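Chain by chain, the residues run as shown.
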Amino acid sequence: MKLTKIDPPGRSFSRWLTDDEVGQVLAASRGWRLGGDGSVVAGTLRKSTIAPSLAALGAAAAANRWISRPAAAGSDGSGPTHIMWGVFDARTDAEVASLVAAAG
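What counts as what
- Residues numbered from 1 in each chain as written.
- Predicted model: local features only at pLDDT ≥ 70, side-chain atom pairs only at ≥ 80, totals over all residues.
- Heavy atoms only, no water.
- Helix = DSSP H or I, 4+ residues; strand = E, 2+ residues; numbered from the N terminus.
- Buried < 20%, exposed > 50% of the residue type's maximum accessible area, 1.4 Å probe, protein only.
- Polar contact = N/O pair within 3.5 Å; in protein donor to acceptor, adjacent residues only side chain to side chain.
- Contact = heavy atoms within 4.5 Å.
- Phe/Tyr/Trp six-rings, centres within 6.5 Å; stacked < 30°, edge-to-face > 60°.
- pLDDT = per-residue confidence, 0-100.
- Pairing = 2+ DSSP bridges.
- Axes fitted to C-alpha atoms, helices over the stretch in contact; angles between N-to-C directions.

I'm lost on the side chain of serine 39 in this one. Help?
One can find serine 39 in the loop between strand E2 (33-34) and strand E3 (40-42). According to the relative accessible area criterion, serine 39 is buried, its value standing at 5%. At a separation of 2.7 Å, a polar atom in the side chain of serine 39 contacts the side chain of aspartate 37. Apart from the residues within four sequence positions on either side, serine 39 is in contact with Arg33, Leu34, Thr49, Ala51, Pro52 and Ser53.

Got a minute to help me understand the packing of aromatic side chains in this structure?
Given two aromatic rings, one states the distance between the centres and the angle between the planes to describe the pair. On inspection of all chains with the given rule, the structure shows three aromatic pairs. Summarising the aromatic geometry, the rings of tryptophan 32 and phenylalanine 88 are spaced 6.2 Å apart at their centres and angled 80° between planes, so their arrangement reads as edge-to-face. Of the two residues, tryptophan 32 is situated in the loop between helix H1 (19-30) and E2 and phenylalanine 88 in helix H3 (residues 85-89); the sequence distance between them amounts to 56 residues. When the centroid spacing of 6.5 Å and the interplanar angle of 70° are considered together, the rings of tryptophan 85 and phenylalanine 88 count as edge-to-face. Of this pair, tryptophan 85 and phenylalanine 88 both sit in helix H3, three residues apart, which is roughly one turn of the helix. Look at tryptophan 85 and you get partly exposed, because its relative accessible area is 33%. According to the relative accessible area criterion, phenylalanine 88 is buried, its value standing at 0%.

Please clarify how the confidence of the model for the protein should be interpreted in this entry.
Low-pLDDT portions of the prediction should not be read for the details of their coordinates. For the protein, the mean per-residue pLDDT works out to 85, and 86% of the residues sit at or above 70. Averaged over each element, pLDDT in the protein is lowest for strand E1 (residues 4-5) (81) and highest for strand E4 (residues 48-51) (95).

How do you make sense of the sheet that holds E3 when you look at a structure like this?
Hydrogen bonds along the backbone pair up the strands of a sheet, which may run parallel or antiparallel. Read from one edge to the other, the open sheet built from four strands follows the order E1-E2-E3-E4, with strand pairing classed as antiparallel. Every other strand in the sheet has two partners, leaving E1 and E4 as the edge strands with one partner each. Pairing analysis gives two bridges linking E2 to E3, with the strands arranged antiparallel. Each residue of the ladder has a partner; that of arginine 33, found in E3, is valine 41. On top of the sheet, helix H4 (residues 93-103) reaches E3 and E4; it is set at about 50° to E4, its chief contact.

Written as structure tokens, this is what we have:
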């Protein structure tokens, strides 16, 4: 399986980030890669699937409170998305994978 580097989105955190973009930010911070089937993969030799997609990783981040968003979007659709780095970074790759599977 060929792995592709994941770069964080070009959009600013001052705007709402989609689940896909949140997944990009989290995956890029850990150095995870994108598999040929669209899954998020940790490791280059011993590959471990973390999430079936970047969007699933972002959705799990919201479900597990690794990110926070305002309760309601502003009238122009903007609002901050804040990543709880301490909460996310405290999790091992295996724990993240199990929490993503549980959220999906």
